[in-house]
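# Overview (structure and organization)
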Amino acid sequence: MDRWFKWDIVVASRIKELQSRFKDNNIDSFLVTSIKNIFYLTGFTGDSGILFISPRKAELITDYRFQGEIVQRVKDADVCLTKKNYIEKLSTQRLIKRRSRVGFESKYVTYNLYWKLRKKLDWLKFKGLDSFIEDLRIRKSEKEIENIKKACEIGDKAFHEILNYIKVGVREIEIGAELEYRMRKAGGEKPSFDTIVASGYRSSIPHGVASNKKLKNREFITIDFGTIYNHYHSDMTRTVFLGSPSDKDKKLYETVYNAQKLAREAVKEDIELRKVDKIARDYIKKSGFGDYFPHSLGHGVGLDIHESPSLSYKSNEIGKEGMVFTIEPGIYLPDYQGVRIEDTVALQNGNIVTLTNSKRELIAL
Ligand SMILES: [Mn+2]
């Protein structure tokens, strides 16, 4: 037995926007299988289901585990709770029978699922689109930015609290654990990714996940972390110093600090994002560290920790209202140490708003 929840359809602006793009993509319907994208379009917070979008309607097929408040919160799609296989259930729907060309998320549909779809929905032609929904996600609403901002504030607070904790002899994993615990206590759902705490020689690895290494005097400690609030991620990196830094250490830090500042100051609406990357990169090059900044300047942040836009020399994207992304130059000297400074920023009302606000000047503990 299936159970239906049918609402008076007021198709949400997001689903409506997708429907308006059917024609240009040469499709007459779209099948959403990524659970994050289903959440984005309907507010569904269950962890399994499929969403079928026809030119005028949307139907979410899921199961009884999500009955009750999860289903009640879904907007702009009829919901079917079924005991059948989702694809089988979908294949019997009137909504899909009349369609002929369905788009699907080629980035997420597995080879197995693809063949199953072709078999069960054999009257349809399938067209893989790799960023149909992601193209919408790139520009955030005010509410989405608020969630990211809140996640960033939780990170700032936790970072401030663990500064007292950073001492000679403490292990990197202890710093990471303490930071994650404090973010949880402040309302963060879980870490955005495996917390990076990389001290001394390990700070010259761009992504050194917290290890058993003990902190020593005269070391940089790179801490890169974030949390999730209402499904939205934060991302921040600070590099602190234990003891008193040498002139070489100071120059290393200052170079990254200045490059990050120049890049942040350059962000504005309609700028080519590749230019922002270039500004930071040129400054680092001019300072003599050109060979030691091996990654791109930044990435979009939202429902995923890494999403569009990208800030790199290859980027084709232009800064637009509602975009949220990181600015994170770093210099990693092999057999020495490294420094990275990262903030999450938003483009709002034509201006850059920095959402992570922990002190950026060198903190020597
Ligand atoms: Mn990042």
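Residues numbered from 1 in each chain as written. Predicted model: local features only at pLDDT ≥ 70, side-chain atom pairs only at ≥ 80, totals over all residues. Heavy atoms only, no water.

Reported here for the largest pocket is a volume of approximately 540 Å³. Considering the residues around the largest pocket, the lining is formed by 19 residues, among which Arg14, Phe39, Gly43, Lys75 and Lys143 are closest to the centre. Counting residues per element, the ones that place at least two in the lining of the largest pocket are α1 (13-20), α2 (35-42) and α8 (142-162). Two domains each provide a minimum of three residues to the lining of the largest pocket, namely domain 1 (3-137) and domain 2 (142-354). Roughly 250 Å³ of internal volume is contained in the second largest pocket. With 3 residues, the single largest contributor to the lining of the second largest pocket is α2. Considering only residue class, the lining of the second largest pocket consists of 5 nonpolar, 4 polar and 4 charged. (1 Å grid on protein atoms, 1.4 Å probe; cavity = no way out; pocket = protein on both sides within 12 Å on 5 of 7 lines; lining within 4 Å. Points joined across faces, edges and corners; volume = space filled by probe spheres on them. Helix = DSSP H or I, 4+ residues; strand = E, 2+ residues; numbered from the N terminus. Domains from an automatic or database assignment. Nonpolar A, V, L, I, M, F, W, Y, C, P; charged D, E, K, R; others polar.)

Of all the 8 residues making up α2, 6 are buried; the element is thus mostly covered by neighbouring parts of the structure. All buried positions along α2 are accounted for by Asn37, Ile38, Phe39, Tyr40, Leu41 and Thr42. Within two residues after α2, Gly43 carries a phi angle of roughly 85 degrees, on the positive side. (Buried < 20%, exposed > 50% of the residue type's maximum accessible area, 1.4 Å probe, protein only.)

Moving on to the domain arrangement of the protein chain. Once the domains are mapped, the protein chain shows domain 1 (3-137) and domain 2 (142-354). Between the C-alpha centres of domain 1 and domain 2 the distance comes to 36 Å. Listed per partner, the contact involves 6 residues of domain 1 and 7 residues of domain 2. Across the interface of domain 1 and domain 2, roughly 640 Å² is buried in total on both sides, 48% from carbon and sulfur atoms. Three residues, Lys36, Phe39 and Arg137, lead the burial of domain 1 against domain 2; their summed loss comes to 69% of the area buried on that side. One can count 4 salt bridges joining domain 1 with domain 2. The residue Asp304 makes a salt bridge to Arg137 at a minimum N-O spacing of 2.8 Å. At the junction of domain 1 and domain 2, the tally comes to 5 residue pairs in polar contact (both at pLDDT 80 or more). (Contact = heavy atoms within 4.5 Å. Buried area = accessible area lost by both parts, 1.4 Å probe. Salt bridge = Lys/Arg side-chain N within 4 Å of Asp/Glu carboxyl O. Polar contact = N/O pair within 3.5 Å; in protein donor to acceptor, adjacent residues only side chain to side chain.)

With that out of the way, let us pick up the coordination of the manganese ion. The protein atoms that coordinate the manganese ion are Asp235 (OD), His299 (NE2), Glu328 (OE) and Glu342 (OE), at distances of 2.1 to 2.4 Å. When the donor residues of the manganese ion are listed from N- to C-terminus, their spacing reads D-x63-H-x28-E-x13-E. With a gap of 43 residues between them, His299 in strand β13 (residues 298-300) and Glu342 in the loop between β17 (338-340) and β18 (343-348) connect regions that are remote in the sequence. An identical accessibility class is assigned to His299 and Glu342; each is buried. (Donors = N, O, S within 2.8 Å, 3.2 Å for Na, K, Ca; no water.)

The next thing to look at is the side chain of Asp63. Here Asp63 shows up in the loop between β4 (58-62) and α3 (69-72). Asp63 gets classed as buried once you look at its relative accessible area, which sits at 13%. With sequence-adjacent residues up to four places away left out, Asp63 is seen in contact with Ser48, Leu81, Thr82 and Tyr86.

Successive residues of a regular strand alternate their side chains across the two faces of the sheet. Side chains Ser29 and Leu31 of strand β2 (residues 29-32) all project onto a buried face; the interleaved residues Phe30 and Val32 project onto the opposite face, where all are buried too. The pairing of β2 with strand β6 (residues 101-105) spans 3 bridges and is classified as parallel. When the sheet's bridge partners are listed, Ser29 is paired in β6 with Val102. Here β2 pairs with strand β3 (residues 50-53) via 3 bridges, running antiparallel. Bridge pairing in β3 links Leu31 to Phe52. (Pairing = 2+ DSSP bridges.)

A few words on the packing of helix α10 (residues 247-266) against helix α11 (residues 273-289). One way to put it is that α10 packs onto α11 with a least axis distance of 8 Å and a crossing angle of 155 degrees. By the angle between their axes, α10 is roughly antiparallel relative to α11. Seen from above, α10 lies across α11 with right-handed handedness. Of the residues in α11, those in contact with Lys251, Leu252, Thr255, Asn258, Ala259, Leu262, Ala263 and Ala266 of α10 are Val276, Ile279, Ala280, Tyr283, Ile284, Ser287 and Phe289. (Axes fitted to C-alpha atoms, helices over the stretch in contact; angles between N-to-C directions. Parallel < 35°, antiparallel > 145°, perpendicular 65-115°, else oblique. Left-handed = near helix turned anticlockwise from the far one by under 90°.)

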